[in-house]
Amino acid sequence: MLYLCHENRREEPTMDRTDTEVSLDIDGGIAVVTVDSPPVNALSQVVRAGLVNAFEAARRDPAVEAVVLVCAGKTFIAGADITEFGKPPQAPSLAEVQAAIEAMDRPVTAAIHGTALGGGLELALACHFRVAVPSAKLGLPEVKLGLLPGGGGTQRLPRLVGAARALEMILSGTPIGAAAAKAAGLIDAVLPDEDLRAGALAFARSIVAEDAPRNRTRDRTDWTDRDRGDETIFAAAEKAHGRKFRGTSQLGHVVAAVRGSLELPFEEGLALERKLFAELVASPQSAAMRHVFFAERQAGKVPGLKAGTPTLSVETVGVIGAGTMGGGIAMNFLNAGLPVTLVETTQAALDRGMATIRANYEGSVQRGRMSETDAAARLALLSGALDMEALAGCDLVVEAVFETMAVKQAVFSRLDAVAKPGAILATNTSYLDVDAIAALANWPEHVLGLHFFSPANVMKLLEVVRGAKTAPAVIATAMQLAKRIGKTAVVVGVCHGFVGNRMLAQRKLQADALLLEGAMPWDVDRVLTDFGLPMGPFAMSDLAGLDLGWSAETSKGETVREILCERGRRGQKTGAGFYDYDAARKATPSADVEALILEVSARDGYVRRSVSDQEILERCLYPMINEGAKILDEGIAARASDIDIVWIHGYGWPAYTGGPMYYADRLGLGTVLAGLRRYEATHGEAFHPAPLLERLVAEGRGFGDL
Ligand code: 3HC
Ligand code: NAI
């Protein structure tokens, strides 16, 4: 039964409450409206209707002196029900619920724990008072779904905290804590964590006793009067967030709506917000970002892993290799409060690695992102060693040594001898065969790949590589641990490059070929950054170092890359690569590189031609999508949406296109297939369509239908 609301005086409980989503009880003259709609109390139609009924019942009851809105479970209302977007709206709307609250002639207090997000916070904004426990988080994360707050958030929030603060909260989408919310004027009191209901009831009683003024947020004018006409507020917001919203109309829409809160009467501002929200909710960008929201959560559900699979305890971590990756990997665990032992081969390498970690934390302190105490606490958890013996007590060891099978195998043989029974042994290899590495361990069941992305303390993606023998408990532990260190984990199978790098290799092949056929590195990079990627393949190579996998001894000096390396142009670190770099690492196209490309192109017999932007885009993306199809067919990734998550969180693929596989579905797999066949005719095998792609086109289905 989905009964919406029942009235129930505490003194005489009569009804079973277990299957209601919104209930009302009267506690000493205070009406308590409780939302209980797991998992996150989202504002589904059922909840909205329940709320309207509950507030109406409270309004009709003359004995009610005040109302408290509270939520059961782990959180306050976490927003509108995202599954309802894109479907015909069902009454009552959120605005109608808010109207029911604002029509109350007695004070309404929202009592917040967990997260008050999106429509949840907007509902609280329509209440007369807001109280929260210290651990509560309050925010308007709609931009992350390609939207803007559509429940009056753009109109009420500026009236409470000022336009500048409101813009920052809306455009960042990042929630703030209770203390910050109190300081900003967003909430009226911070209450103790224990028994929020009792605290909120006491607060409501004090409001009644004091006969405190019940200002409706919508009627407040102090901030709007102050901010009106101050163009610097909007210029600052556009400057701070412009880049993030490339490719969408969100920034302009948010700014217009918040401007409306200053310049228009409340109802007109609401109408403007509604119109702008409706445009965004119908946009392909928002649909793609909603896909990403659910894809992220799907990725956490590992096929074949039974719910409740036991996990292993991980409280101490070892990291082998303190180079580019090892240091960043260590920081992830330190940040989560786990002690880390870092092992290197020489004191000099260890000192270098430790110094980099220290410098990273100092940088965070200097930029005001971390307190000195926090940085010191994290560094105190770090110790270094020159012998793997020091890892004997670790629950998890992550190896991040050179990408050479012989070195990795030597490390694993030794590790196997020193690690305690039951320890999880992970490799951060980018390409090597995890099963071949596991074969050297006494317990291959405890070996897996944990493939972090560079910079490892920043990039959100973690590819969890499941070997042929990796135990379910080890995978379950890795998934749990990923959450603990703030990563989005995707389980992948063993193959060369796993999901991300395997697809990237296809793009690199084409990007290099395009140089010889007629394009320049900056042409290719521009097309891909215009598409929404944070950087193109050549800028990315310069950042990573052109000499990754190159050595002077084995260099044949044939390709553009090899010749650049031989000339000392090895990327940003040498001040030159495909681009020239100034002291601030700003890239400019290089005449020398252009001349070299023309030379190699002529040497190899190419007749250079003008390559269109469309061709660059198709040549770079279609082979990636095609490889994605093969990865799916082979079961290396469980779902197309997992591949999307790999690309969004590992390589900065623009979320507003949903990831490569979602993008392909929207483009039409028939279009992709036709493109591949066209290029196969002129450029050969690299474009040979994957059987899965052909099958899906024949069946009229998409990757998302699998
Ligand atoms: N609508 C529908 N389902 C939701 C939801 C929502 N707003 N928020 C979470 N869920 C679902 C998830 O899909 C997941 O379902 P599953 O178990 O079937 O996969 C389940 O709730 C639990 O979610 P999480 O795994 O994310 O749980 P966490 O505890 O890790 O995180 C949370 C909880 C912080 C609330 C997180 O779920 C979250 O950030 N949710 C989205 C919040 C949001 O974006 N709100 C704004 C919505 S848009 C809006 O309100 C428009 C308004 O302005 C009109
Ligand atoms: P790096 O060369 O910067 O660091 C490797 C470190 O390992 C060096 O400091 C070296 O002294 C140390 N080392 C070598 N043998 C050792 C041993 N036996 N015991 C202890 N330390 C030893 O290499 P990087 O870039 O950090 O790569 C490490 C691993 O991470 C590789 O497998 C690589 O493929 C992978 N990886 C690299 C990424 C990148 O962008 N650099 C991204 C993701 C994975």
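Residues numbered from 1 in each chain as written. Chains lettered and ligands numbered in written order. Predicted model: local features only at pLDDT ≥ 70, side-chain atom pairs only at ≥ 80, totals over all residues. Heavy atoms only, no water.

Heads up, the rule is: UniProt positions are given in the numbering used here, feature names are shortened, and annotations may be inferred rather than shown by experiment.
Labelled according to an unreviewed UniProt entry, the chain appears under the name 3-hydroxyacyl-CoA dehydrogenase, originating from Aureimonas glaciei. Here the chain is described in UniProt, under the heading Catalytic activity (unreviewed entry), as follows: "a (3S)-3-hydroxyacyl-CoA + NAD(+) = a 3-oxoacyl-CoA + NADH + H(+)". For the record of the chain, the UniProt heading Subcellular location (unreviewed entry) holds the text "Peroxisome".

Remarks on the environment of Val 292
Rules: The numbering of helices and of strands both runs from the N terminus, where a helix is a DSSP run of H or I of at least 4 residues and a strand a run of E of at least 2. Should any heavy atoms of two residues lie within 4.5 Å, those residues are considered in contact.
Among the structural elements, Val 292 can be located in helix H12 (residues 284–299). Sequence spacing of Val 292 and Ala 583 is 291 residues, and the spatial spacing of their C-alpha atoms is 38 Å. Look past the residues within four positions of Val 292 in its chain and what remains in contact with it is Ile 645, Ile 648, Ala 655 and Gly 658.

Quick word on the packing of aromatic side chains
Put simply, the rule is: When two rings of Phe, Tyr or Trp (its six-membered ring) have centres within 6.5 Å they constitute a pair, described as stacked for plane angles under 30 degrees, edge-to-face for angles over 60, and tilted for the intermediate range. Each residue is assigned to one of three classes by its accessible area relative to the maximum for its type, calculated with a 1.4 Å probe on protein chains only: buried under 20%, partly exposed between the two thresholds, exposed over 50%. Remark: a charge is flagged as sitting over a ring if the NZ atom of Lys or the CZ atom of Arg is within 6 Å of the ring centre and within 35 degrees of the ring normal.
In total, this model carries 14 aromatic pairs according to the counting rule given. Look at Phe 531 and Tyr 663: their rings are 5.1 Å apart centre to centre, the planes differ by 80°, and that puts the pair in the edge-to-face class. Separated by 132 residues along the polypeptide, Phe 531 in helix H20 (residues 521–531) and Tyr 663 in helix H26 (residues 660–667) bring together distant segments of the chain. Overall, the relative accessible area of 12% leaves Phe 531 in the buried class. Aromatic rings pair up to connect Phe 453, Phe 531, Trp 647, Tyr 651, Trp 653 and Tyr 663 into one cluster. Between the NZ or CZ atom of Arg 297 and the centre of the ring of Phe 293, over which it lies, the distance is 3.7 Å. Cation over ring: Arg 666 sits above Tyr 662, and NZ or CZ is 4.1 Å from the ring centre.

Some points on the site of ligand 1
Cut-off, in case you're wondering: Residues are labelled near a given molecule or strand when at least one of their non-hydrogen atoms is within 4 Å of it. We call two N or O atoms a polar contact when they sit within 3.5 Å, provided that within protein one can donate a hydrogen and the other can accept it, with sequence-adjacent residues counted only if both atoms are side-chain atoms. Residue-level accessible areas treat just the shown protein chains as cover; the underlying method is Shrake-Rupley with a 1.4 Å probe. Under the convention adopted here, Pro, Cys and the residues Ala, Val, Leu, Ile, Met, Phe, Trp and Tyr are nonpolar, Asp, Glu, Lys and Arg are charged, and Gly plus all remaining residues are polar.
Taken together, 26 residues form the shell around ligand 1, and within it Lys 74, Glu 122, Glu 142, Arg 297 and Lys 301 come nearest. One of the backbone nitrogen or oxygen atoms of Ile 82 is found 2.9 Å away from a nitrogen atom of ligand 1. Here ligand 1 loses 74% of its free accessible area of 990 Å² to cover by the protein chains. Per element, the largest residue contribution to the shell around ligand 1 is three residues, and it comes from H12. Here the shell around ligand 1 is built from residues that sort into 13 nonpolar, six polar and seven charged.

Some words on the pattern of salt bridges
What counts is decided by this rule: Just to be clear on terms, a salt bridge is a Lys or Arg side-chain nitrogen sitting within 4 Å of an Asp or Glu carboxyl oxygen.
Under the definition given, this model contains 39 salt bridges. Residue Arg 205 pairs with Asp 27 through a salt bridge whose shortest N-O separation is 3.9 Å. Residue Arg 205 is found in helix H7 (residues 196–210), and its partner Asp 27 is found in strand E2 (residues 22–27); the two are separated by 178 residues along the sequence. Overall, the relative accessible area of 36% leaves Arg 205 in the partly exposed class. On the basis of relative accessible area, Asp 27 is assigned to the buried category, the value being 18%. Each of the salt bridges in this network shares a partner with another, and the network as a whole consists of Asp 25, Asp 27, Arg 197 and Arg 205.

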